[in-house]
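Breakdown of the fold
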Protein chains: 2
Amino acid sequence: MKAREPDLIARIGHGASSNPTLSLPLGIGDDAALFAAKPGFQTILTCDWFLEGSHFLRDRHPADAAGWKCLARAVSDVAAMGGEPRCFLLSLALPPSRTGRWLNEFLLGLRRAARRFKCPLVGGDTTQRQEILINVTVVGEVRAGRAVLRSGARPGDIIFVSGRLGEAEAGLRLVRGKGSVRINKKDPTLRKHFYPEPRIALGRYLSNGRIATAMMDLSDGLSSDLPRLCAASGVGARIAAAKLPAVEMTARRGAKKAEALDPLDLALNGGDDYELLFTVPPSKARRLPRGFQGIPLTAIGEITRQTKLTLVHNDGREEIIRSRGWDPFQ
Amino acid sequence: MKAREPDLIARIGHGASSNPTLSLPLGIGDDAALFAAKPGFQTILTCDWFLEGSHFLRDRHPADAAGWKCLARAVSDVAAMGGEPRCFLLSLALPPSRTGRWLNEFLLGLRRAARRFKCPLVGGDTTQRQEILINVTVVGEVRAGRAVLRSGARPGDIIFVSGRLGEAEAGLRLVRGKGSVRINKKDPTLRKHFYPEPRIALGRYLSNGRIATAMMDLSDGLSSDLPRLCAASGVGARIAAAKLPAVEMTARRGAKKAEALDPLDLALNGGDDYELLFTVPPSKARRLPRGFQGIPLTAIGEITRQTKLTLVHNDGREEIIRSRGWDPFQ
């Protein structure tokens, strides 16, 4: 099925900026979108690539999961500042063969995510391309002065993560390993890989209550992301392997698969979890609940003055953490 | 030359958000950028694809022109609302072979444009890809209630364009036609094609003075863009062929090339000019100067109640205007 650009824009824009509760005087169909920030708030801006072949596989990832995930990833950056998403722009390049069913399913997933994250589509750009290229810009808001940066961690702060680490990577390996495309979307690691949930409410709780001193989202894996937080803060970190909330290897997956997947490796180096990594001063850390809206919050180590990153194994052996997570240029 | 992602981000970000006059508390290196709008202003959001093969040719377009143009195109959308650009996000995907000289020259052109448009880089996303993919999000501002939309044209309004139409297309044909890559950048049509100037000051003048009732930028060509303005306003238009400020075919280009290029065709259907198309009520049109800061302002026709688009030829013959400009899905 072939479509002309105006039709595509109309289909993509359908119902997009019709939310009357938003202070968005203008949406799709003009040169640009207009956005009015709430008084006393700063605007958060972030954009993210989501490219066929690099970030998703056309034949392995359902189109609605691509729609959900391209928005979830960018929204996660807003959550990681302690902000709330307000609206987004979609830049979409498609081959003509994908302007039919694929696009419809993609838009279903995208709209489901937009509703879930309270983040409507307000503009963007479309063009034709042999591959599917997606770029999402999310606009968020945070109370002025409350944004949680990567640079605020201090020696002695306790390092926390939300959720379980490595689940999305375990899901990805399942997707890659399967011969057929029939995949049980109810598998928790697959759900995490296909439909990640940015931790918006948790990020806001940690910023509004001035609980976190530094925060970022885990997109490339702990071994890649923790060094970034430490570098921005000019500190180091000591992490306990035993404390990492790793993927639970269930018997039902069978011995063979459990052998192939090392939970510690997944927790350190698996990307795409979109959990929050944050630091909390010891006095506040003691009062932090062990979970927030059903998401576990786990202390995994502490910030050190020495600017190296150490992993303490169960047997007391110490190891320097090396970035083995996702780097597109590696 | 191969580079790792952190090095790339550092090079791209070099000097990017160091402008102390900006109310941007945070730039590159965190999860997202923070932006504080001026009181009484609305934020303008726009994003634009700039893709190798589709929007530029790696072997025909100098890297610095790609850098300039990817920003100029998106800034033009802000100008077309009557706003001023404030900052931008860059999403860049590169093959490893282009992270050396190509990237350096690209960044030179990009920074030159950023200085010229007073629009610094504040964030973005980088990834690896076999082709060069660029997506630019520009954040602008406009005094609340002063944004000039496409939907405000009324029957009787005079239709104006800035500059000359078809110059960029003439430049593109010169680029495509040349056997060698040595191109004289001082040729005015090539300058327009390589380094377009978004009409920021003109757009602001037309919005601040409440002169224009509707406005948009000419990116796909008059025959494609005028119908969009008319559709948004629920009106039609009558354009006089004799009044179109077309490209002047100089003798020095030689008879052969002049024959191949039809100025009227270029003015109607040539894309990439980034001139402003705007409508002005007759009372104000009479007082509008014939130029603004050296850019000609030309009345080319008028808005009609009848919702068709007519071109009146020099001999009085009337023709329905059909969109023959750029549509990526055609």
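Residues numbered from 1 in each chain as written. Chains lettered and ligands numbered in written order. Predicted model: local features only at pLDDT ≥ 70, side-chain atom pairs only at ≥ 80, totals over all residues.

Structural notes on the sheet that holds strand β3 (residues 84-94) of chain B
Read across the sheet, 5 strands follow the order β1(A)-β2(B)-β5(B)-β3(B)-β4(B) without closing on themselves; strand pairing throughout is mixed. What marks the edges here is a single partner per strand, and that holds for β1 (33-35) of chain A together with β4 (121-128) of chain B. When strand polarity is set aside, the average angle formed by the axes of neighbouring strands in this sheet is 20°. Where strand β2 (residues 41-51) of chain B lies against strand β5 (residues 133-143) of chain B, 11 bridges are found, and the strand directions are antiparallel. By the bridge assignment, B:Leu51 is partnered in β5(B) with B:Leu133. (Pairing = 2+ DSSP bridges. Helix = DSSP H or I, 4+ residues; strand = E, 2+ residues; numbered from the N terminus. Axes fitted to C-alpha atoms, helices over the stretch in contact; angles between N-to-C directions.)

Some details on the sheet that holds strand β5 (residues 133-143) of chain A
Taken in spatial order, the 5 strands of this open sheet run β4(A)-β3(A)-β5(A)-β2(A)-β1(B), and their pairing is mixed. What marks the edges here is a single partner per strand, and that holds for β4 (121-128) of chain A together with β1 (33-35) of chain B. Each strand axis lies, on average, 20° off the axis of its neighbour in the sheet, ignoring direction. Pairing of strand β3 (residues 84-94) of chain A with β5(A) involves 9 bridges; the strand directions are antiparallel. Bridge pairing in β5(A) links A:Leu90 to A:Val136.

A few points about the relation of the copies chain A and chain B
Superposing chain A onto chain B requires a rotation of 180° together with a translation of 0.0 Å along the rotation axis, leaving an RMSD of 0.0 Å. On the angle and the small slide along the axis, the relation comes out as a two-fold axis. The overlap is high: 100% of the interface residues of chain A also sit at the interface in chain B, so the same surface is used on both sides. (Least-squares fit on C-alpha atoms with pLDDT ≥ 70 in both. Contact = placed C-beta atoms within 7 Å.)

Comments concerning the confidence of the model for chain A
Residues and elements named next belong to chain A. Residues with a pLDDT of 70 or more make up 88% of chain A, whose mean pLDDT is 88. This stretch, residues 17-25, has a pLDDT under 50; its non-local contacts, to residues over four places away or in other chains, come to 15 contacts. Scoring of the predicted complex yields 0.90 for pTM and 0.88 for ipTM. (pLDDT = per-residue confidence, 0-100.)

Let's talk about the interface of chain A and chain B
With 53 residues of chain A in contact, the opposing surface of chain B contributes 53 residues. Of all the secondary structure elements, the ones that give two or more residues to the side of chain A that touches chain B are α1 (5-13), β1, β2 (41-51), α2 (63-79), β3, β4, β5 and β7 (214-218) of chain A. The class makeup of the residues in the side of chain A that touches chain B is 29 nonpolar, 13 polar and 11 charged. Pairing analysis gives 3 bridges linking β2(A) to β1(B), with the strands arranged antiparallel. Looking at the pairing, A:Leu45 lines up with B:Ala33 of β1(B). (Nonpolar A, V, L, I, M, F, W, Y, C, P; charged D, E, K, R; others polar.)

Brief notes about the domain arrangement of chain A
Residues and elements named next belong to chain A. Looking at the assigned domains, one finds that chain A contains domain 1 (5-143) and domain 2 (150-320). Taken residue by residue, the interface counts 18 residues in domain 1 and 18 residues in domain 2. For the side of domain 1 that touches domain 2, the elements supplying multiple residues, two or more each, are α2 and β3. Of all the elements, α2 adds the most residues to the side of domain 1 that touches domain 2, at 9 residues. Here the side of domain 1 that touches domain 2 is built from residues that sort into 10 nonpolar, 2 polar and 6 charged. (Domains from an automatic or database assignment.)

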